[in-house]
Amino acid sequence: MINSHDILETINMIDNENLDVRTVTMGISLLDCIDGDIDKACDKVYDKICRYAKNLVRTAEDISKEYGIPIIHKRIAVTPAAMLSAACPTKNPIKFAKALNRAADTTGVNFVGGYSALVHKGFAPGDYSLIESIPEALDITDKVCSSVNIGSTRAGINMDAVKKMGRIIRQTAERTADRDCIGAAKLVVFCNAPEDNPFMAGAFHGPGEPDCVINVGVSGPGVVRAALAKAGDCNITDVADIVKKTAFKITRTGQLVAKEASKRLSVPFGIVDLSLAPTPAIGDSVAHILEEMGLEQCGAHGTTACLALLNDAVKKGGVMASSHVGGLSGAFIPVTEDAGMIDAARSKSLTLTKLEAMTAVCSVGLDMIAVPGDTSAEIISGIIADEAAIGMVNSKTTAVRLIPAIGKKSGEELNFGGLLGRGPIMDINRKSPEKFINRGGRIPAPMQSLKN
Amino acid sequence: MNAVITVLGKDNVGILANISNKCAEAGANIIEVTQSVLQGMFAMIMFVDITECTVPFAQLVDTLTEKGEEMGVKVHVMHEDIFNAMHTV
């Protein structure tokens with residue numbers, strides 16, 4: 001029989017520490033929807049998504065009710081749309097974005113990811129037109145998310161794509177300037193993008209994935225912080241142990257939800273993404289975990305070390321709790337989505353340069369960072385290149401999700417509302433990387449030996 | 001198949017009776033009850049067998065949660081697997 005302490009602990013985690021399953025994401029392959037006639041292809045895309053994901057939202061809600069664990073998002077990730085647009089090269093792929101958005105509305109999911117292109121080694125047919133259409137797609141749709149993979153450890157970094165994405169991010173922000181530039185919050189530039197990530201905005205269903213799959217992303221920074229607070233003045237070895245044990249419990253809920261969703265929907269279980277995903281709510285912050293470890297404020301010297309410990313311990317605890325682990329797995333540090341990061345950025349304790357260092361040891365990268373509206377496309381490309389280099393050399397996923405705050409300056413704020421949050425516009429280094437960015441070409445893949 | 005009902009809140013007359021009545025109406029068989037009152041705060045944990053339940057589980061959750069709200073206490077009704085998953089290796 002389960003003991004009452006364990007029961008009350010679980011209830012306390014849910015009621016007071018924001019324990020939840022962040023997302024149940026259905027991955028759907030659209031490879032069988034490819035058609036030379038773009039209208040036919042869009043109809044196939046819409047029909048397939050609606051057929052497969054018909055019961056996704058209701059099933060997730062049923063599971064949430066039975067197990068008493070909140071499931072915040074129900075989402076869909078699809079095959080990168082550039083692969084579909086390759087078959088109809090003369091047509092504007094924006095039609096795919098519209099079809100995806102309609103399918104999201106019909107199925108009731110809150111986001112569909114996969115308006116994406118994988119161009120880490122070069123551009124294939126479909127990639128150019130898809131990337132060029134991203135600003136319009138993220139302007140006219142509200143549920144479509146986009147990502148572009150511009151580098152990998154095995155391929156190096158495609159600097160032509162890096163250059164292009166600096167401009168695309170700016171254009172996306174410009175087109176949605178009347179809505180706090182929210183378009184850019186739905187666009188991620190990756191290095192080493194995982195094919196099974198359930199989290200937005202970077203979710204897509206990789207070409208190596210099965211026809212349909214259920215991936216689950218867990219969360220729970222509030223639970224980890226509370227466990228550390230309860231432990232008091234223990235040494236750092238104990239801190240790591242507490243994080244591992246807590247991550248185990250959090251991940252178990254994700255594994256249970258994933259297995260149950262997979263059974264009820266008759267769709268194979270893919271992976272659990274062991275992530276600490278913050279929200280702007282009080283008590284749901286990754287920055288506050290770092291501060292609980294002993295930093296006066298996130299961004300202080302020591303932040304990178306605390307984050308490295310946290311990220312590693314979350315993986316160690318979570319791996320044993322799940323039969324298949326994947327996605328991004330680790331601690332997210334999206335600035336505008338984390339109450340502690342927002343405060344640290346406002347007080348200038350947390351700077352862009354510190355965040356860049358933190359991305360070398362966290363699960364993703366420079367995430368949800370508002371930069372001044374006059375930041376040039378070349379500077380954005382420079383930031384992307386730096387971030388991709390960290391991912392490429394360290395064999396890890398890194399990403400950039402920057403929001404150029406059009407018409408605003410450093411110190412002012414953007415407010416997206418909801419889980420995307422709000423936050424101050426951060427200072428950037430204004431020196432120009434223009435000549436470097438305009439060279440184009442590819443950064444060769446790095447050595448995998450002689451590691452120093 | 002078992003569910004765990006927890007009731008947390010200010011102690012009042014009839015909490016156990018009200019929850020038990022609702023369980024009986026739904027055909028949920030009470031297996032074990034533990035309860036404690038600490039400084040006026042009431043905490044009850046009830047294991048119920050829902051195999052023979054005459055209403056869908058989701059409906060039982062709603063009924064008991066509403067009853068809890070009426071009495072000014074917080075009621076959680078959760079499938080026991082969530083606790084087994086989280087607290088056993």
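Residues numbered from 1 in each chain as written. Chains lettered and ligands numbered in written order. Predicted model: local features only at pLDDT ≥ 70, side-chain atom pairs only at ≥ 80, totals over all residues. Heavy atoms only, no water.

Enquirer: Mind showing me how you'd approach the layout of surface pockets here?
Expert: The gaps of empty space that remain are located by a probe, the size of a water molecule, rolled over the atoms. Residues and elements named next belong to chain A. What the largest pocket holds in volume is close to 460 Å³. Taken together, the elements giving at least two residues each to the lining of the largest pocket come down to helix H12 (339–346), helix H13 (352–358) and helix H14 (377–393). With 4 residues, H14 is the single largest residue contributor to the lining of the largest pocket. The class makeup of the residues in the lining of the largest pocket is 11 nonpolar, 5 polar and 6 charged. (1 Å grid on protein atoms, 1.4 Å probe; cavity = no way out; pocket = protein on both sides within 12 Å on 5 of 7 lines; lining within 4 Å. Points joined across faces, edges and corners; volume = space filled by probe spheres on them. Helix = DSSP H or I, 4+ residues; strand = E, 2+ residues; numbered from the N terminus. Nonpolar A, V, L, I, M, F, W, Y, C, P; charged D, E, K, R; others polar.)

Enquirer: Which parts of the structure should I look at to understand the packing of aromatic side chains?
Expert: The way to describe two aromatic rings as a pair is by their centre distance and the angle between their planes. All names here are of chain A. Enumeration according to the criterion identifies 2 aromatic pairs over all chains in this entry. A centroid spacing of 4.4 Å and a plane angle of 15° characterise the contact between Phe 123 and Tyr 128, whose relative ring orientation is stacked. Classification of Phe 123 by relative accessible area gives partly exposed; the value is 23%. Where Phe 199 meets Phe 332, the ring centres are 4.8 Å apart and the plane angle is 85°; that geometry is what we call edge-to-face. Taken together, the residues span a long stretch of sequence, with Phe 199 in the loop between strand S6 (187–191) and strand S7 (212–218) and Phe 332 in the loop between strand S10 (330–331) and H12 at a distance of 133 residues. Like Phe 199, the residue Phe 332 is buried in the burial classification. (Phe/Tyr/Trp six-rings, centres within 6.5 Å; stacked < 30°, edge-to-face > 60°. Buried < 20%, exposed > 50% of the residue type's maximum accessible area, 1.4 Å probe, protein only.)

Enquirer: Explain the domain arrangement of chain A here, please?
Expert: Often the size quoted for an interface is simply the accessible area lost on bringing the parts together. Residues and elements named next belong to chain A. By domain assignment, chain A separates into domain 1 (24–191) and domain 2 (217–443). Domain 1 and domain 2 are separated by 22 Å when their C-alpha centres are compared. Taken residue by residue, the interface counts 43 residues in domain 1 and 49 residues in domain 2. Interface of domain 1 and domain 2: buried area, both sides summed, is about 3700 Å²; carbon and sulfur atoms make up 69% of it. (Domains from an automatic or database assignment. Contact = heavy atoms within 4.5 Å. Buried area = accessible area lost by both parts, 1.4 Å probe.)

Enquirer: Explain the packing of helix H9 (residues 236–265) of chain A against helix H11 (residues 303–319) of chain A to me, please; I cannot follow it from the model alone.
Expert: The description of two helices packed together rests on the angle between their axes and the distance between the axes. All names here are of chain A. Axis separation between H9 and H11 bottoms out at 7 Å; the angle between their running directions is 45°. If you check the angle between H9 and H11, you find them oblique. For the pair H9 and H11, the crossing hand works out as right-handed. Within the contact between the two elements, H9 uses Ile 236, Val 239, Ala 240, Val 243, Lys 244, Ala 247, Phe 248 and Thr 251 and H11 uses Leu 309, Leu 310, Ala 313, Val 314, Lys 316, Gly 317 and Gly 318. Across the contact of H9 with H11, the residue classes tally to 10 nonpolar, 3 polar and 2 charged. (Axes fitted to C-alpha atoms, helices over the stretch in contact; angles between N-to-C directions. Parallel < 35°, antiparallel > 145°, perpendicular 65-115°, else oblique. Left-handed = near helix turned anticlockwise from the far one by under 90°.)

Enquirer: Explanation requested: the interface of chain B and chain A in the structure shown.
Expert: Contacts between the two partners involve 25 residues from chain B and, on the opposite side, 24 residues from chain A. When residues of chain B are sorted by the area they lose upon contact with chain A, B:Ile82, B:Met86 and B:His87 head the list and together hold 28% of the total. Applying the counting criterion to the chain B and chain A interface returns 1 salt bridge. The salt bridge involving B:Asp62 is made with A:Lys65; its shortest N-O contact spans 2.6 Å. Seen at the junction of chain B and chain A, the total is 7 residue pairs in polar contact (both at pLDDT 80 or more). Elements with a minimum of two residues in the side of chain B that touches chain A: strand S1 (2–10), strand S3 (41–49), helix H2 (57–71), strand S4 (73–79) and helix H3 (81–87) of chain B. (Salt bridge = Lys/Arg side-chain N within 4 Å of Asp/Glu carboxyl O. Polar contact = N/O pair within 3.5 Å; in protein donor to acceptor, adjacent residues only side chain to side chain.)

Enquirer: Looking at this structure, how should I read the environment of A:Glu337?
Expert: Residues and elements named next belong to chain A. For Glu 337, the position within the fold is in the loop between S10 and H12. With a relative accessible area of 11%, Glu 337 lands in the buried category. Linking Glu 337 and Gly 217, residues 120 residues apart in sequence, is a C-alpha distance of 16 Å. Setting aside chain neighbours within four positions, we find Glu 337 in contact with Pro 278, Thr 279, Pro 280, Met 368, Arg 401, Leu 419 and Leu 420.

Enquirer: Would you take a moment to explain H9(A) for this structure?
Expert: For an α-helix, the turn length of 3.6 residues means that residues three or four places apart are oriented alike. For H9(A), spanning 30 residues, the distance from its first C-alpha to its last is 43 Å, which sits close to the expected 44 Å at 1.5 Å a residue. Measuring from the side-chain oxygen of the N-cap residue of H9(A) to the backbone nitrogen of A:Thr237 gives 3.0 Å; that N-cap residue is A:Asn235. (Expected span 1.5 Å × (residues − 1).)

Enquirer: Looking at this model, I keep getting lost on a nonpolar patch on the surface. Mind explaining?
Expert: A surface patch of nonpolar side chains, amounting to about 190 Å² of accessible area, comprises B:Leu16, B:Ile30 and B:Val33. Note on placement: B:Ile30 falls in strand S2 (residues 29–38). (Patch = residues over 30% accessible without salt bridge, like charges linked within 9 Å, V, L, I, M, F, W, Y side chains within 5 Å. Areas by Shrake-Rupley, 256 points an atom, 1.4 Å probe, with all protein chains shown as cover.)

Enquirer: What is the right way to look at the side chain of A:Thr10 in this model?
Expert: Among the secondary structure elements, A:Thr10 is positioned in helix H1 (residues 4–16). Looking at A:Thr10, the relative accessible area reads 0%, which means it is buried. When neighbours within four sequence positions are excluded, A:Thr10 is seen to be in contact with B:Met78, B:Phe83, B:Met86 and B:His87.

Enquirer: I'm lost on the packing of helix H1 (residues 15–26) of chain B against H2(B) in this one. Help?
Expert: Residues and elements named next belong to chain B. Running from N to C, H1 and H2 cross one another at 160°; their axes reach a closest spacing of 10 Å. Here H2 runs roughly antiparallel to H1, going by the angle between their axes. Our pair here, H1 against H2, has a crossing hand that is right-handed. Across the interface between the two elements, Ile 15, Asn 18, Ile 19, Lys 22, Cys 23 and Ala 26 of H1 pack against Leu 60, Thr 63, Leu 64, Lys 67 and Met 71 of H2. Of the residues that constitute the contact of H1 with H2, the class distribution is 7 nonpolar, 2 polar and 2 charged.

Enquirer: In this structure, what is going on with the side chain of A:Thr375? I would like to understand it.
Expert: Residues and elements named next belong to chain A. By the secondary structure assignment, Thr 375 is in the loop between strand S11 (366–372) and H14. On the basis of relative accessibility, which here comes to 0%, the residue Thr 375 falls in the buried class. Here Thr 375 is in contact with Arg 170, Ile 380, Ile 428 and Arg 430, once residues within four sequence places are set aside.

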